[in-house]
Amino acid sequence: MPGDSEETTVQITRVLSDQFAQLLSSASQFRNQVIGTITLTALLVAIFQAEVLVATVLDYSSSQSLLASFPREVKMLIAATIGPFIHQGPRHLIDNLGVLIVAGAYLEYQYDHSFLYVFYFAVGYLAAWAPLAMGSVGSVGASGVTFGLATWLLVHSISRVLEIGYDGALDLRILHFIAVIFGLVKAQEAVAILGMMDGADDVTHFFGAFLGLVLGIKFVLDYHELQIIDL
């Protein structure tokens, strides 16, 4: 019957509309839960665009060439002040953004954007200052932060997988094992640096990974409301 057909079409349309609205709502909630990662990603991209613009205006072939043209004292000042936010080329930026988006979103979803902001600034600057303290011109880029995020991710994801064994129940928490694999790959890179540490970048990467491990353990203990020593 024509009437039945029209009524069915209306019902299907209503169901699809409701599902689409639920999808938009879920996407909005997820966006709000990882707003810190989105903000930092947008900030790094905007800063890199500014680097490219300045290099172009000053007639340099790339932002890396512009940075290399500065005297030692200026390079040290840049590394100490804005080092964690600038990058030497698109590949450098893309590599760091990949880890920031994956690890940052994963961790922010588990914790809160305030943790991510504090972590980025604390690890970013401490890792950048480490080679400066050793007499180097310093290192630029978010690599120290991304190595730190990877070790924090590793500690947290392992703790979530261990929950399964503690609770004796197999559920969706097993998906955290994917994060464990990701963290192990990046942690392996940090361990490899120990055997071939050469230059400011390697120092920054290693210190970032180490600081991420320390802060990660602290954050994980707080997350699970655990204390090493009962006072």
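Structure first, text after, so check above.
These remarks concern the structure in this document.

1. Describing the overall build of the protein chain
Scanning the protein chain from N- to C-terminus turns up nine helices and zero strands. Secondary structure of the protein chain in N-to-C order comes out as α-α-α-α-α-α-α-α-α. When each of the 231 residues of the protein chain is scored for burial, the buried share is 39%. Of all intrachain contacts in the protein chain linking residues separated by at least 6 positions in sequence, the fraction that spans at least 24 positions is 78%. As displayed, the protein chain has an accessible area near 13400 Å², and 68% of this comes from carbon and sulfur atoms.

2. A word on a nonpolar patch on the surface
A grouping of Ile-174, Leu-175, Phe-177, Ile-178, Ile-181 and Val-185 is seen on the molecular surface, where their side chains present a nonpolar patch of about 560 Å² in accessible area. If you trace the backbone, Phe-177 turns up in helix α8 (residues 176-195).

3. Concerning the environment of Val-214
Its place among the elements puts Val-214 in helix α9 (residues 200-223). The class for Val-214 is partly exposed, based on a relative accessible area of 44%. In the structure, Val-214 is positioned 62 residues away from Trp-152 in sequence and 8.1 Å away in space, judged by C-alpha atoms.

4. Focus: the packing of aromatic side chains
Applying the stated criterion across every chain yields a total of 14 aromatic pairs. When the centroid spacing of 5.4 Å and the interplanar angle of 50° are considered together, the rings of Tyr-111 and Phe-115 count as tilted. A relative accessible area of 14% means that Tyr-111 is categorised as buried. Between Tyr-120 and Phe-121, the ring centres sit 6.3 Å apart and the planes meet at 65°, which makes this aromatic pair edge-to-face. A relative accessible area of 2% places Tyr-120 in the buried class.

5. A look at the pattern of salt bridges
As a working rule, side chains carrying opposite charge can pair if their charged atoms are close by. Applying the stated rule across the entire model yields three salt bridges. Residues Glu-163 and Arg-160 are paired through a salt bridge, measuring 2.9 Å at the closest nitrogen-oxygen approach. Taken together, the positions of Glu-163 and Arg-160, both in helix α7 (residues 143-167) and three residues apart, correspond to about one turn of that helix. Across this residue pair, the class does not change: Glu-163 and Arg-160 are buried.

6. Concerning the packing of helix α2 (residues 35-57) against helix α5 (residues 90-110)
Orientation of α2 relative to α5, taken along the N-to-C sense of each, is 170°, at an axis distance of 8 Å. If you check the angle between α2 and α5, you find them roughly antiparallel. Contacts from Ile-35, Gly-36, Thr-37, Leu-40, Thr-41, Leu-44, Val-45 and Phe-48 of α2 reach α5 at Pro-90, Leu-93, Leu-97, Leu-100, Ile-101, Gly-104, Ala-105 and Glu-108.

7. Structural notes on the side chain of Ser-139
Tracing the chain through its elements places Ser-139 in the loop between α6 (113-133) and α7. Taking relative accessible area as the criterion, Ser-139 reaches 5% and is therefore assigned buried. Of the polar contacts made by the side chain of Ser-139, one reaches the side chain of Asp-201; its length is 2.6 Å. In this structure Ser-139 touches Ala-79, Gly-83, Ala-128, Pro-131, Ala-200, Asp-201 and Thr-204, once residues within four positions along its chain are discounted.

8. Structural notes on the nonpolar core
Leu-44, Leu-107, Tyr-120, Leu-149 and Trp-152 are the most contacted members of the largest nonpolar core, which has 27 residues in total. Sorting the residues of this core by element identifies α2, α5, α6, α7 and α9 as the ones contributing at least two each. With seven residues, the single largest contributor to this core is α5. Among residues more than four places away in sequence, those in contact with Leu-44 are Pro-84, Phe-85, His-87, Leu-93, Leu-97, Leu-100, Tyr-120 and Ala-142. If you look at the next biggest cluster of nonpolar residues, it comprises six residues, including Leu-67, Ile-78, Ala-79 and Ile-86.

Calculation notes
- Residues numbered from 1 in each chain as written.
- Predicted model: local features only at pLDDT ≥ 70, side-chain atom pairs only at ≥ 80, totals over all residues.
- Heavy atoms only, no water.
- Helix = DSSP H or I, 4+ residues; strand = E, 2+ residues; numbered from the N terminus.
- Buried < 20%, exposed > 50% of the residue type's maximum accessible area, 1.4 Å probe, protein only.
- Contact = heavy atoms within 4.5 Å.
- Areas by Shrake-Rupley, 256 points an atom, 1.4 Å probe, with all protein chains shown as cover.
- Patch = residues over 30% accessible without salt bridge, like charges linked within 9 Å, V, L, I, M, F, W, Y side chains within 5 Å.
- Salt bridge = Lys/Arg side-chain N within 4 Å of Asp/Glu carboxyl O.
- Phe/Tyr/Trp six-rings, centres within 6.5 Å; stacked < 30°, edge-to-face > 60°.
- Axes fitted to C-alpha atoms, helices over the stretch in contact; angles between N-to-C directions.
- Parallel < 35°, antiparallel > 145°, perpendicular 65-115°, else oblique.
- Polar contact = N/O pair within 3.5 Å; in protein donor to acceptor, adjacent residues only side chain to side chain.
- Core = buried A, V, L, I, M, F, W, Y, C linked by side-chain atoms within 4.5 Å.

Note that every value here comes from positions in space, so none of it alone points to a role or purpose.
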